[in-house]
Amino acid sequence: MAEDREILREIWEGRLPVCFTLAAEEVSTPISPDPFYLMVPRLTYFPLVTDKVRRHFVRCVVPEKHDNEMWLEFEKCPLKWHYPIGLLYDLLVTNSELPWQITIHFDKYPDNKILKCPSKDVVESHLMHSLKEADALKHKNHIMALMQERDHKQLWLGLLHDRFDQFWSANRKLMEHRTEDGFRYIPFRLYAPLFTSKPFMQYLVKSIENEKRLTLEDLLQRANLNFESKGPFQVVIHGIILPLETPLQWISEHLSYPDNFLHLCIRYSSA
């Protein structure tokens, strides 16, 4: 990996200010609780950073709901906990307003729209599954299979405790490639809700083909969708607008989320 540690650290340290508010209909105390403000890492998942949020609000709901699973909502849209926080923001917040206003619920879990997450172990399982899927695309799953259990734990604990060095000392192995051709395929998911009812698009794209270094523009062309038909658009990841001429291999090595996928959002200026 032609590693640029400064870029990796900048991406890791990306934060979003969030204002959490308990749903008005669930407040059981005479006075509504104050909002809870938190700076959250873009790269992590909400269940890993909301313990304090839960403790702040749970005392203000009826006792029989104290053990219910908490869930989050933004503008009537339940937030998928298995999506990284930065992806959710880039996908759903069109006006870039900060702090991000999120509503907390302890009642009527929408399990027809979002997965259950009873513990952080579920998040760890999701992360490991995604890492294995990404490694299958990049290296035929050779790297994850050769890594020891302590390496897997290092990846998980590095993310859980927000420790850049701990995570990247293990993740570096997943970003290496032995040939000039780069990764076998680029692990990515493309989010374009105006074009498809699917949560995201995913297809096979190499980093180099016929000795040509493929770019973000090549990836978009292979979606076989006329993105320009909706007007001027941008491809966003980590809140960054990516130039279409950026090489896919470089993007994958430097801008992937901890699950080793590129989560690319198509956004329109008219949105």
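Every chain begins its residue count from 1, and numbering advances along the sequence as written. Under the rules for a predicted model, residues below a pLDDT of 70 receive no local features and side-chain atom pairs below 80 are neither given nor counted, while totals for whole chains, interfaces and linings still include all residues. Side-chain metrics rest on all non-hydrogen atoms present in the structure, leaving aside hydrogens and water.

- Per an unreviewed UniProt entry, the chain goes by Autophagy protein 5 and derives from Daphnia lumholtzi.
- UniProt's Sequence similarities (unreviewed entry) comment on the chain is quoted here verbatim: "Belongs to the ATG5 family." UniProt positions are given in the numbering used here, feature names are shortened, and annotations may be inferred rather than shown by experiment.

What to know about the sheet that holds strand 1 (residues 15-22)
Here is step 1 of the chain: Should DSSP find at least two bridges between two strands, the strands are regarded as paired. In this description a helix means any DSSP run of H or I spanning at least four residues, a strand means any run of E spanning at least two, and both kinds are numbered starting from the N terminus. Strand order in the open sheet formed by 5 strands is 2-1-5-3-4, and the pairing between neighbours is mixed. Edge positions in the open sheet fall to strand 2 (36-41) and strand 4 (77-78), since each of these has one partner strand only.
Here is step 2 of the chain: Whether two residues touch is decided by their heavy atoms; if any such pair falls within 4.5 Å, the residues are in contact. Interaxial angles span 0 to 180 degrees and are taken between N-to-C directions of axes, which are lines fitted to C-alpha atoms, for helices over the stretch in contact. Against the sheet, helix 2 (residues 51-58) engages strand 1, strand 2 and strand 5 (100-105), with an angle of about 165° to strand 2.

Quick look at the nonpolar core
Here is step 1 of the chain: Of all hydrophobic cores here, the largest spans 81 residues; its most connected members are Phe20, Trp100, Leu190, Phe227 and Leu264.
Here is step 2 of the chain: Setting aside residues no more than four positions away along its own chain, Leu264 makes contact with Phe188, Arg189, Leu190, Tyr191, Leu216, Leu219, Val235, Val236, Ile237 and Leu242. By nonpolar core we mean a set of buried residues, namely Ala, Val, Leu, Ile, Met, Phe, Trp, Tyr and Cys, connected to one another through side-chain atoms within 4.5 Å. Throughout this description, buried means an accessible area under 20% of the type-specific maximum (1.4 Å probe, protein chains only), exposed means over 50%, and partly exposed covers the range between.

Some words on the domain arrangement of the chain
Here is step 1 of the chain: Partitioning the chain into domains gives domain 1 (8-105), domain 2 (120-175) and domain 3 (188-268).
Here is step 2 of the chain: Between the C-alpha centres of domain 1 and domain 3 the distance comes to 28 Å.
Here is step 3 of the chain: As a working definition, buried area equals the accessible area (1.4 Å probe) given up by two parts on being put together, with both sides summed. Its largest share of buried area at the contact with domain 3, domain 1 owes to Ile11, Leu87 and Asp90, together 39% of the area lost on that side.
Here is step 4 of the chain: Salt bridge criterion: a side-chain nitrogen from Lys or Arg within 4 Å of a carboxyl oxygen from Asp or Glu. Across the contact surface, domain 1 and domain 3 share 0 salt bridges.
Here is step 5 of the chain: We call two N or O atoms a polar contact when they sit within 3.5 Å, provided that within protein one can donate a hydrogen and the other can accept it, with sequence-adjacent residues counted only if both atoms are side-chain atoms. Run the count over domain 1 and domain 3 and you get 4 residue pairs in polar contact (both at pLDDT 80 or more).
Here is step 6 of the chain: Listed by contribution, the elements that provide at least two residues to the side of domain 1 that touches domain 3 are helix 1 (5-12) and helix 3 (85-92).
Here is step 7 of the chain: For the side of domain 1 that touches domain 3, the element with the highest residue contribution is helix 3, accounting for 4 residues. Segmentation of the chain into domains, including their bounds, is taken from an automatic or database domain assignment.

Things to note about helix 2
Here is step 1 of the chain: Three or more residues of helix 2 are buried, namely Val53, His56, Phe57 and Val58.
Here is step 2 of the chain: At its buried positions, helix 2 is contacted by strand 1, strand 2 and strand 5.

Brief notes about unusual backbone geometry
Here is step 1 of the chain: Residue Leu98 is joined to Pro99 through a cis peptide bond whose omega torsion reads -5°.
Here is step 2 of the chain: Phi at Lys108 takes a positive value of approximately 55°, unusual for a residue other than glycine.
Here is step 3 of the chain: Following the sequence through the fold, Lys108 ends up in the loop between strand 5 and helix 4 (120-139).

Focus: the packing of aromatic side chains
Here is step 1 of the chain: Side-chain rings of Phe, Tyr and Trp, where Trp is taken by its six-membered ring, are said to pair if the distance between their centres is within 6.5 Å; with planes under 30 degrees apart they count as stacked, over 60 as edge-to-face, and otherwise as tilted. Per the stated rule, a full pass over the model turns up 14 aromatic pairs.
Here is step 2 of the chain: Measuring from ring centre to ring centre gives 5.9 Å for Phe74 and Trp100, while their planes differ by 75°; the resulting arrangement is edge-to-face. With Phe74 in strand 3 (residues 71-74) and Trp100 in strand 5, this residue pair connects regions lying 26 residues apart in the sequence.
Here is step 3 of the chain: Grouped by ring-pair contacts, the aromatic residues Phe20, Phe46, Phe74, Tyr89 and Trp100 constitute a single cluster.
Here is step 4 of the chain: Positioned above the aromatic ring of Tyr109 is the side chain of Lys116, whose terminal nitrogen or guanidinium carbon lies 4.2 Å from the ring centre.
Here is step 5 of the chain: Our definition puts a charge over a ring when NZ of Lys or CZ of Arg is within 6 Å of the ring centre and also within 35 degrees of the ring normal. Taking NZ or CZ as reference, Lys230 lies 5.8 Å from the ring centre of Phe195, over its face.

Remarks on the sheet that holds strand 11 (residues 262-268)
Here is step 1 of the chain: Pairing is mixed across the open sheet formed by 4 strands, whose spatial order is 6-11-9-10. Where the open sheet ends on each side, the last strands, each with one partner, are strand 6 (188-191) and strand 10 (240-241).
Here is step 2 of the chain: Both strand 9 (residues 233-237) and strand 11 contribute to a ladder of 4 bridges, which runs antiparallel. Bridge pairing in strand 11 links Val236 to Cys265.
Here is step 3 of the chain: On top of the sheet, helix 3 reaches strand 6, strand 9 and strand 11; it is set at about 15° to strand 11, its chief contact.

Some remarks on the environment of Asp151
Here is step 1 of the chain: Its place among the elements puts Asp151 in helix 6 (residues 149-160).
Here is step 2 of the chain: Judged by its relative accessible area of 9%, Asp151 falls in the buried class.
Here is step 3 of the chain: Counting along the chain gives 16 residues from Asp151 to Phe167, while the straight-line C-alpha distance between them is 9.1 Å.
Here is step 4 of the chain: Once you skip the residues sitting within four places of it in the chain, Asp151 turns out to touch Ala170 and Lys173.

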